[in-house]
Amino acid sequence: MSKPRNLHFLIVDDLSTMRRIIRGLLTEAGHVDADEAEDGQVAFQKLKSGHFDCVLTDINMPNMNGFELLKAIREDEKLKSMPVLMITAEAGKEEVIQAAQLGACAYIVKPFSKAILEEKIHKVFNRKPH
């Protein structure tokens, strides 16, 4: 299976340092096309006005958290099939279950490596044709 190329990612995290780290890992993995948002509200507006292939979102953020963003994406007719990967420091069972119930494609716990990020992205885009 070939590695997906030219995917456009939206990185959502309230910490600019974390967005920079995720962007760096994506770039190292060969994914250079990424945009950023500092919370779910900004992310949702960008998703509605642009074209993205995948969302990488933190859970704990002001204004609109990752769960609220995921719910909004799943309820939007144009965005509902968008792959969403939750990235968080929350490793609790409740958060993992809630993310799955809301339709997250994958769950990544901080801190994580490029290999873990690549593996999750690969799984999302090679599991089944849309």
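Every chain is numbered on its own, with residues counted from 1 as its sequence reads. For a predicted model such as this one, the threshold for reporting local features is a pLDDT of at least 70, and the threshold for listing and counting side-chain atom pairs is 80 or more; totals across whole chains, interfaces and linings nevertheless cover every residue. The basis for every side-chain value is the complete set of heavy atoms in the structure, and neither hydrogens nor water enter the calculation.

K.L.:
Describe the pairing of strand S2 (residues 34-37), with residues and values.
P.N.:
Following DSSP output, two strands are said to pair if at least two bridges run between them. Every helix listed is a DSSP run of H or I at least four residues long, and every strand listed is a run of E at least two residues long, numbered separately from the N terminus. Where strand S1 (residues 9-12) lies against S2, 4 bridges are found, and the strand directions are parallel. Opposite Leu10, over in S2, you have Asp35 as the bridge partner. Seen with its strands pointing away from the viewer, a crossover is right-handed if its path from the first strand over the helix to the second goes clockwise. The parallel pair S1 and S2 is bridged by helix H1 (residues 16-28), and the resulting crossover is right-handed.

K.L.:
So what's going on with the environment of Phe112? Which residues, and what values?
P.N.:
Considering the arrangement of structural elements, one finds Phe112 in the loop between strand S5 (106-109) and helix H5 (114-126). A residue is classified by how much of its surface remains accessible, and Phe112, at 13% relative accessible area, is buried. In this structure, the C-alpha to C-alpha distance between Phe112 and Gly92, residues 20 residues apart in sequence, is 16 Å. Any two residues whose heavy atoms approach within 4.5 Å at even a single point are treated as in contact. Beyond its immediate chain neighbours, meaning those up to four positions away, Phe112 contacts Met18, Ile22, Leu25, Ile87 and Leu117. Exposure is judged per residue with a 1.4 Å probe applied to protein chains only, and the accessible area is read against the type maximum: over 50% gives exposed, under 20% gives buried, and values in between give partly exposed.

K.L.:
Lay out the nonpolar core with the relevant residues and their values.
P.N.:
One recurring pattern in soluble globular proteins is that nonpolar side chains are buried together. Throughout, nonpolar core names a set of buried Ala, Val, Leu, Ile, Met, Phe, Trp, Tyr and Cys residues whose side chains join them through atoms within 4.5 Å. Of all hydrophobic cores here, the largest spans 23 residues; its most connected members are Val12, Leu47, Val55, Leu69, Ile73, Met82 and Met86. With 5 residues, the top contributor of residues to this core is helix H3 (residues 66-75). If we ignore the near neighbours within four places in the chain, the residues touching Val55 are Leu10, Val12, Leu47, Leu69, Ile73, Met82, Pro83, Val84 and Leu85. Membership of the second largest hydrophobic core comes to 18 residues, among which are Phe9, Leu25, Cys54 and Ile87.

K.L.:
Go over helix H2 (residues 40-49), please, and point to the residues and values.
P.N.:
All of the buried residues in H2 are Gly40, Ala43, Phe44 and Leu47. Down the axis of H2, the buried side of the element spans an arc of 100°, and every buried residue falls inside it. Facing away from the buried side of H2, by more than 90 degrees, are the exposed residues Gln45 and Ser49. In this structure, the buried residues of H2 make contact with S1, S2, strand S3 (54-57) and H3. Think of a polar contact as two N or O atoms within 3.5 Å of one another; within protein, one of them needs to be a possible hydrogen donor and the other a possible acceptor, and neighboring residues in sequence only count if both atoms come from side chains. At the N-terminal end of H2, a side-chain oxygen is found 2.9 Å from the backbone nitrogen of Gln41, two or three residues along, and the residue is Asp39. The arc in question is traced by the directions running from the helix axis to the C-beta atoms.

K.L.:
Mind laying out H3, listing which residues take part and the relevant values?
P.N.:
Listing the buried residues of H3 in full gives Gly66, Phe67, Leu69, Leu70, Ala72 and Ile73. For H3, the elements touching its buried residues are S1, H2, S3, strand S4 (84-88) and helix H4 (93-102). One side-chain oxygen at the N-terminal end of H3 lies 2.9 Å from the backbone nitrogen of Phe67; it belongs to Asn65.

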